[in-house]
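# Breakdown of the fold
Below are the chains, spelled out letter by letter.
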Amino acid sequence: MESFIAALMNSLALGMLLFLIAIGLNIIFGVLNIINFAHGALYMLGAYITYTVAVLTGVSFWIALFAAPLIVAAIAVVIERVMLHRIYDRPITDSLLLTFALLLIIDETVRWIWGSTIHVVDPPASLSGTVRLLGIQQPVYGLFVIAMGLIVGLGLWGFFSGTRAGRVMRAAAIDRKMSRLVGIDVPLVFTAVFAFGAGIAGFGGAIAAPIRAISPAMGANIIVESFIVVVIGGLGSFPGAFLGALILGAINGFGSRYLPELNLVMPYIGMALVLLLKPQGLMGRTAS
Amino acid sequence: MSRRAGLITALIAVILVALWFLPAWAPYFYIFVAAEILILGLFAAGFNLVFGYTGMLSLGHAAFFGFGAYVTAMLLLHFDTPLAFALIASLAGGGLLALVIGFFCVRLTEVYFTMLTLAFGMMVFSVAQQWRSFTGGSDGITGFAVGSFGLGLDLTLGNPAVYYQLTLVIVTLAGLCLYLITISPFGLILRAMAENPERVAFTGIPVRRYRLYSFVISGAFSGLAGGLFAPFTRVASPETLHWSQSAEPVLMSILGGSATFLGPFIGSAIFVLLETWITSFTDRWMLFLGIVLALMVMYLRRGLLGTALDRLTKRG
Amino acid sequence: MITRITTPLGAAVVGAGLTLGATASAQEPISIGAIYILSGVGSTYGEFAQNGANLAIDEINEDGGVLGRPLEITFEDSQLEAQAAIQAMRKLVYQDGVDVLMGLDSSGVATGVVPVVPEVETPFIITHAATPDATGKLCNEWTYRNSVNIPQNIKGAAIMADESGANSWTTVGPDYAFGHQSWEYFQRYLGELNPDATFSDDPSFPAFGTEDFTPFINTVISNQPDGVFISVWGSDLVNFTRQANDLGFFDEDFEVLMSLGAATEVLSALGEQMPTGITVGTRYWYGAYDNEMNKAFVEAYRERHETPPSYNAQNAYSAVYAYKAAIEKAGEVDKVAIRDALKGMSYQAPMGEVRFREGDNQALVGPTYGVTAEDPDSELRLLDPQRNFAAEDVTPPLSETGCNLGG
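Since we're looking at a predicted model, the values are computed, not measured.

A separate point is a negative patch on the surface. Together, D122 of chain A together with E272, E374 and E379 of chain C line one region of the surface with negative charge. Position of E272 of chain C among the secondary structure elements: in the loop between α10 (264-270) and β10 (279-282). Here E272 of chain C falls in the exposed class, since its relative accessible area comes to 55%.

All names here are of chain B. Taking 1.5 Å per residue as the helical rise, helix α3 (residues 29-53) with its 25 residues ought to reach 36 Å, and the 34 Å between its terminal C-alpha atoms agrees with that figure. By the largest-angle criterion, F47 marks the main kink of α3, which is about 40 degrees. A large share of α3 lies buried, amounting to 23 of its 25 residues. Immediately downstream of α3, the backbone of G55 shows phi near 75 degrees, a positive value.

Here we take up the interface of chain A and chain B. With 38 residues of chain A at the contact, the number on the chain B side is 36 residues. Counting each side, the surface lost to burial between chain A and chain B is near 3500 Å², with a carbon and sulfur contribution of 80%. Our count for the chain A to chain B interface comes out at one salt bridge. For R284 of chain B, the salt bridge goes to E108 of chain A, with nearest N and O atoms at 3.2 Å. For the pair chain A and chain B, the interface holds four residue pairs in polar contact (both at pLDDT 80 or more). The biggest single contributor to the side of chain A that touches chain B is helix α4 (residues 92-114) of chain A, with 14 residues.

We now examine the packing of helix α5 (residues 140-162) of chain A against helix α8 (residues 186-208) of chain A. Residues and elements named next belong to chain A. Interhelical geometry of α5 versus α8 gives an angle of 165 degrees and a closest axis separation of 11 Å. The angle between α5 and α8 falls in the class roughly antiparallel. Judged by the twist between their axes, the crossing of α5 over α8 is right-handed. Contact residues: Y141, F144, V145, M148, V152, L156, F159 and F160 in α5; F196, I200, F203, A206 and I207 in α8. Its residues assigned to classes, the contact of α5 with α8 comprises 13 nonpolar, no polar and no charged.

Turning our attention to the pattern of salt bridges. On inspection of all chains with the given rule, the structure shows 16 salt bridges over all chains. For D133 of chain C, the salt bridge is made with K137 of chain C, and the minimal N-O distance between the two is 4.0 Å. Overall, the relative accessible area of 15% leaves D133 of chain C in the buried class. Among the residues examined, K137 of chain C registers a relative accessible area of 62% and is labelled exposed. Connected via shared salt-bridge partners are E108 and R111 of chain A together with R284 of chain B.

Attention now moves to the packing of aromatic side chains. Following the criterion strictly, the structure yields 56 aromatic pairs over all chains and no others. Ring centres of Y179 of chain B and F261 of chain B lie 5.2 Å apart, and the angle between their planes is 65 degrees; on these two criteria the pair is classed as edge-to-face. In this pair, Y179 of chain B sits in helix α8 (residues 160-183) while F261 of chain B sits in the loop between α12 (243-256) and α13 (263-279), placing the two residues 82 residues apart along the sequence. Exposure remark for Y179 of chain B: the relative accessible area of 37% places this residue in the partly exposed category. On the basis of relative accessibility, which here comes to 15%, the residue F261 of chain B falls in the buried class. Through a chain of ring-to-ring contacts, three or more aromatic side chains come together here, namely Y28, F32, F43, F65, F229 and F232 of chain B together with Y94 of chain C. Here the guanidinium or amino end of R90 of chain C rests over the ring plane of F232 of chain B, the centre of that ring lying 5.2 Å away. A cation over an aromatic ring shows up here: K155 of chain C above the ring of Y189 of chain C, its NZ or CZ 5.2 Å from the ring centre.

Okay, the interface of chain B and chain C next. Facing 25 residues of chain B, the contacting portion of chain C comprises 24 residues. Summing the contributions of chain B and of chain C, the shared interface buries around 2200 Å²; its carbon and sulfur component is 50%. Contact with chain C buries surface across chain B, with F29, R132 and D139 of chain B losing the most and accounting together for 26% of the total. Counting across the interface, chain B meets chain C through two salt bridges. Applying the counting rule to chain B against chain C returns seven residue pairs in polar contact (both at pLDDT 80 or more). Only α3, α11 (207-233) and α13 of chain B provide two or more residues apiece to the side of chain B that touches chain C. Counting residues per element, the side of chain B that touches chain C draws most heavily on α3 of chain B, which supplies four residues. Within the side of chain B that touches chain C, the residues separate by chemical class into seven nonpolar, eleven polar and seven charged.

Definitions and limits used
- Residues numbered from 1 in each chain as written.
- Chains lettered and ligands numbered in written order.
- Predicted model: local features only at pLDDT ≥ 70, side-chain atom pairs only at ≥ 80, totals over all residues.
- Heavy atoms only, no water.
- Patch = residues over 30% accessible without salt bridge, like charges linked within 9 Å, V, L, I, M, F, W, Y side chains within 5 Å.
- Areas by Shrake-Rupley, 256 points an atom, 1.4 Å probe, with all protein chains shown as cover.
- Salt bridge = Lys/Arg side-chain N within 4 Å of Asp/Glu carboxyl O.
- Lys, Arg positive; Asp, Glu negative; His and termini not counted.
- Charge placed at Lys NZ, Arg CZ, Asp CG, Glu CD.
- Helix = DSSP H or I, 4+ residues; strand = E, 2+ residues; numbered from the N terminus.
- Buried < 20%, exposed > 50% of the residue type's maximum accessible area, 1.4 Å probe, protein only.
- Expected span 1.5 Å × (residues − 1).
- Bend = angle between axes of the 7 residues up to and from the residue.
- Contact = heavy atoms within 4.5 Å.
- Buried area = accessible area lost by both parts, 1.4 Å probe.
- Polar contact = N/O pair within 3.5 Å; in protein donor to acceptor, adjacent residues only side chain to side chain.
- Axes fitted to C-alpha atoms, helices over the stretch in contact; angles between N-to-C directions.
- Parallel < 35°, antiparallel > 145°, perpendicular 65-115°, else oblique.
- Left-handed = near helix turned anticlockwise from the far one by under 90°.
- Nonpolar A, V, L, I, M, F, W, Y, C, P; charged D, E, K, R; others polar.
- Phe/Tyr/Trp six-rings, centres within 6.5 Å; stacked < 30°, edge-to-face > 60°.
- Lys NZ or Arg CZ within 6 Å of the ring centre and 35° of its normal.

Take a look at the structure:
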């Protein structure tokens, strides 16, 4: 029972981290019709910026938590203006190719600036150590990750359904021409959406910094996992990203505990099954 | 038109002759570079049957390439199989695996197809990585000897120059087969499907089955390329099955031009030569590759060969 | 701070250029080809090796070179893939015309490269990859290794484990050949030393590059063994240790033994997050050798890179000196002559006198183990007490290696 609860809490923390990455991927896909191969690289940038702000300059982790998404979003504006806006009318596979190129560029640049040694960020004192909860010792930071995932999820839900900016984004996603007719500046919305999705990835990187080794490989590791999440949940679907992240978190959290031999292959089997049985994903719209 | 075709044929013949005598005039190292270009070019051309001709982006083709590599490596290691038979087995193995994976994948289109090929490819990778007793796990299959070729040919395959020339012959023959397929009525149907699957379906052609045929042929040639690759690198490792290996033929097809038959070969040459050249003075090769790729996708989507041919046709 | 890594390297390159200009005269340099992991996961190991090799080359060139000729080195990226490393080796030999080869960071790469070394007919000193096969069943007369291999590394761990008094053991190791082999050797050696030792049939092998070790940590905690043997290394070990800290892993009542926990890159990444009082090992510890060469090496390295040298830096540094000794012994820069000179040769390295054993070409060297302790002068942990294992106590006899190249 204890190990079950431990695995459960771990799955949740892992799932929430994946959610923070997958949600941006899905927002960008939903509005821009782009699959962002470089999304993991943006997450990595968030972690490196957190390291630079929190450790190198000695400012606190809490400031880094705000700085990282903002800086990543600013970089994303440049990326969108220089590169991505040129290919919106192309087949979606072109976006995979262009963002793959972007992934190579960001990965190498990060290695250039920060070197390839491993960096670590200490969690703030208030979030280190463990507390006793549900009968076992829980790492405080794990609970913080879960809380952050839920807060971001709820905040985004409120934003998309309750604010004008959120509704504008959804309108632009549904029909570009119509949006333009009713006076929405579509190119501006697209830039904003890409920066927004990238910013959340940067936030995910900041959240991950105290629990992951910061290295140039962290982006490539997480991007395929994020693809699994959005495919299982449904490409472009907001609740899908949440559900997909929980499922992959559980596959990893329980799988490595109870089925270690199949640990590597299980996420891909899950991904393939969903694609074959319900290609739009568990929460995806059935008509495209 | 026929005059231009004749010109191109003559040009290819000259290049092939020059390549055949490469060991006689080029520095020794370029034998290895040329062999790698030929093998990866065949892989990319096989891949491009699905990508450029049938219009589907697969991110799982490393499964067939790597499977071919493992088949040849294991046959050489455990049974001292003559290379000719090992290569035939790799070709058949790649095709068979593509039949199984393709059976599922061709049900989907566009990005869903891409994601499913990625999932299946990574499944094969995971199996090779974790089934240590059979596949050697992360070490892969190493230490196999490249013995005889078979078919009554007495070749010293351990000599890189001989292995290179053998590779040249096999890749040329395989490339010719692929070319004949692309200009056959079957190949024309594939092209039509890439442009407008609904219209093709309307004429009564079973689109999904044709996609599967294309996928299987593509997998078979990728498997053959893998079979040639293992004795060349002397190892069959899980990396040859990883999605990043699947990305290589994509990049090569884009660089050379996915709408032309020779594009992937040209792309392979550009890729390998650039890599060899750039890594000799900087280890920032990936940054350079990223920038080149981004520029190609944004401005030269038809690739170098494709763009060059466009220019020529416009002028003529 | 951001340029911390690149500046000293740049300075080193400029320095090398200057010294070359000063002493090279008209002599053609002796060329070393080096293959290390220079990109992606683990490229920090390649950087350390570059630091070590460059330092040795600069020292030797300032001193007038070898046989009056300066040394030069060309680095190629193994990309942590056997096929890339083999291509790099062919390039170095056939294109760049190097005289000797060194490098290799991973077992998987080594098992692919070693069988091909005789084809390029160039001496090769492996400086990091630890698979027993490189000087075992795959051994050949062109391939040498000057670094501690898995059996030597793990025999030390088994002795430490035996002396800890713990009987029931489990492991956490990376899920590839290295992790599994480490656990197999650990069971064999500890089983010989302590017949009462028992080994878990539920060992944890997280995939290499795993980001989340929590389930594996929880498994160990819930199994409550007497001791846990950890062969996770590099950035994985950094991740593991930080997550284990969070879960109170090190407060539990079992012995913790990390076969590569004292690697300096791990200690400097973790700083005070590395718990005290656990047993950690490394294949070279900068504070463990009380000789002039080691003192000078550590000082020079610290001056350039502001950090103590890691085992990979020492091994690369040492390999350059091995080639210097071999070339001077051969009296000429000829591949066959250098190969034969290396056979059974002893030379001075920071680790002390190192000898390549005749028969398998494995250097007779041993690991260092110690207990982590606070350092009053630094945030990094030091080893107190520390213990160097003599090569003869940890090196398996030739008959067990599966290699016999003849005496």
